[in-house]
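# Working through the structure, step by step
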Amino acid sequence: MDRGGCQMSGDRVGPDQPGMISLEDLESFSEDQLSDSGNGSLEEEAEAMEEDDERLLHYWQDIARGHQVEVSQDMAEPIQQLTSNNEGRSQREHVPFTLLARKEKCGNVLYEKRQYEKGHWACITMHEETYEQSICYGFMRLMKYICQQNALGEYLGMTLPILTVVRTDENRSVMSSNVTVAYFIPNEHQAQPPQPTDSEILIEVWPATTVYTRPFTGPTNEVTIINQINTMAELLDPNGLCINDSFIVAGYTNPAHNNRQNEIWFLERP
């Protein structure tokens, strides 16, 4: 698979409802569900833990097949680490921002204007056949970085949202196959971000940026993203304030969830 660099201008599903892999998929496995160990010998507990890891891996593999994504055996440890280190949504750090303005209609938010400060992001650009494949493979690569495959050899912690940078033609009708998946480095490590062991994951400093964000629910794929981009463009009017060929999809919940919480971001020109 071709892998490129990174440029800047994330409920459990059943077997009949395949979806994309995410943190919520992992969290659906509680410790009680995964293992009944604790009452036997050390050998029995070790065997139970190995069985739990295999169950998690197989679960991810089943979900990923719905989008023609292969989850390799070497994902077993990062999956286990992410599961055991996350204790719920309240433990996840959100990317900080300042709300500058909000436009509403009949009580519904049409869009917000926000200021995001300069910060370090870990990102990787994928070139898969579909958007879903790119974000799945990209997120798995970032998972390994989050889960100890970094210079510190430590679990770094999960942050939200997970961003994907998408690029379109000038008419905003066709998406490029290049999709950048980005993870905000937790505040604890912002001053000195741990370097990844994966040479294709880049640590970038993203400048302070003003963005226009619009919430939307449901799945994210080429069709829905293009529709959301054009809806947002109509709301903002063609005033030339924003970059018109690079956009961001912010994911807050499991892509397989019927009521998935997303945002489309337009970047204001410098």
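Refer to the structure presented above.
Everything in this summary refers to the structure shown in the same document.

What counts as what
- Residues numbered from 1 in each chain as written.
- Predicted model: local features only at pLDDT ≥ 70, side-chain atom pairs only at ≥ 80, totals over all residues.
- Heavy atoms only, no water.
- Helix = DSSP H or I, 4+ residues; strand = E, 2+ residues; numbered from the N terminus.
- Buried < 20%, exposed > 50% of the residue type's maximum accessible area, 1.4 Å probe, protein only.
- Areas by Shrake-Rupley, 256 points an atom, 1.4 Å probe, with all protein chains shown as cover.
- Pairing = 2+ DSSP bridges.
- Expected span 1.5 Å × (residues − 1).
- Contact = heavy atoms within 4.5 Å.
- Polar contact = N/O pair within 3.5 Å; in protein donor to acceptor, adjacent residues only side chain to side chain.
- Core = buried A, V, L, I, M, F, W, Y, C linked by side-chain atoms within 4.5 Å.
- Phe/Tyr/Trp six-rings, centres within 6.5 Å; stacked < 30°, edge-to-face > 60°.
- Salt bridge = Lys/Arg side-chain N within 4 Å of Asp/Glu carboxyl O.

From N to C terminus, the protein chain includes six helices and 12 strands. A buried classification covers 52% of the 270 residues belonging to the protein chain. In the form shown here, the protein chain has an accessible surface area of approximately 13,300 Å², with 45% of it arising from carbon and sulfur atoms.

Here strand β3 (residues 98–105) pairs with strand β4 (residues 108–116) via seven bridges, running antiparallel. Counted as the bridge partner of Lys-103 is Tyr-111 from β4. Hairpin connection, β3 to β4: the antiparallel pair is bridged by two residues, and Cys-106 has positive phi, about 55°.

With 15 residues, helix α6 (residues 222–236) extends 21 Å from end C-alpha to end C-alpha; this agrees with the ideal 21 Å at 1.5 Å per step. For α6, the elements touching its buried residues are β4, α5 (131–146), β7 (162–167), β10 (209–217), β11 (242–251) and β12 (261–268). Where α6 begins, the side chain of Asn-221 points an oxygen toward the backbone nitrogen of Val-223, at a separation of 3.1 Å. Asp-237 sits one or two positions beyond α6 and adopts a positive phi of about 70°.

Take the side chain of Glu-112 next. Tracing the chain through its elements places Glu-112 in strand β4. What makes Glu-112 buried here is its relative accessible area of 10%. Those residues in contact with Glu-112 that lie beyond four places of it in its chain are Leu-99, Ala-101, Arg-102, Val-211, Tyr-212 and Thr-213.

Here we come to the nonpolar core. Ranked by size, the top nonpolar core spans 39 residues in total, and within it Tyr-131, Tyr-183 and Phe-266 carry the most contacts. Not counting the four nearest positions on each side in its chain, Tyr-183 is found in contact with Trp-121, Ala-122, Leu-142, Tyr-145, Ile-146, Leu-156, Gly-157, Met-158, Thr-159 and Ile-162. Judged by nonpolar contacts, the second largest core, of 16 residues, contains Tyr-116, Trp-121, Val-211 and Ile-243.

With respect to the helices and strands, the residue Phe-247 is situated in strand β11. The contact partners of Phe-247, leaving out residues within four places of it in the chain, are Thr-164, Val-165, Val-166, Thr-168, Arg-172, Ile-229, Trp-265 and Phe-266.

All right, on to the packing of aromatic side chains then. How two aromatic rings sit relative to each other is set out by the distance from centre to centre and by the angle between their planes. By the definition in use, this model includes seven aromatic pairs. Through a chain of ring-to-ring contacts, the aromatic side chains of Phe-97, Tyr-116 and Trp-265 assemble into a single cluster.

Now for unusual backbone geometry. Cis geometry marks the peptide bond from Leu-160 to Pro-161, where omega comes out at 0°. Topologically, Pro-161 is positioned in the loop between β6 (159–160) and β7. In this structure, Cys-106 takes a positive phi of about 55° despite not being glycine. Assignment of secondary structure puts Cys-106 in the loop between β3 and β4. Overall, Cys-106 belongs to the exposed group, its relative accessible area being 76%.

Attention shifts here to the pattern of salt bridges. Enumeration over the complete set of coordinates arrives at six salt bridges. Two residues, Glu-112 and Arg-114, come together in a salt bridge whose shortest N-O distance is 2.9 Å. Across the pair, Arg-114 and Glu-112 agree in class, each one buried. Residue Lys-113 pairs with Glu-268 through a salt bridge whose shortest N-O separation is 4.0 Å. Separated by 155 residues along the polypeptide, Lys-113 in strand β4 and Glu-268 in strand β12 bring together distant segments of the chain. What makes Lys-113 partly exposed here is its relative accessible area of 25%. Judged by relative accessible area, Glu-268 falls into the partly exposed class, the value being 22%. Ionic contacts of the salt-bridge type, sharing partners, join the residues Arg-102, Glu-112, Arg-114 and Glu-263 into one network.

Geometry only, nothing functional implied.
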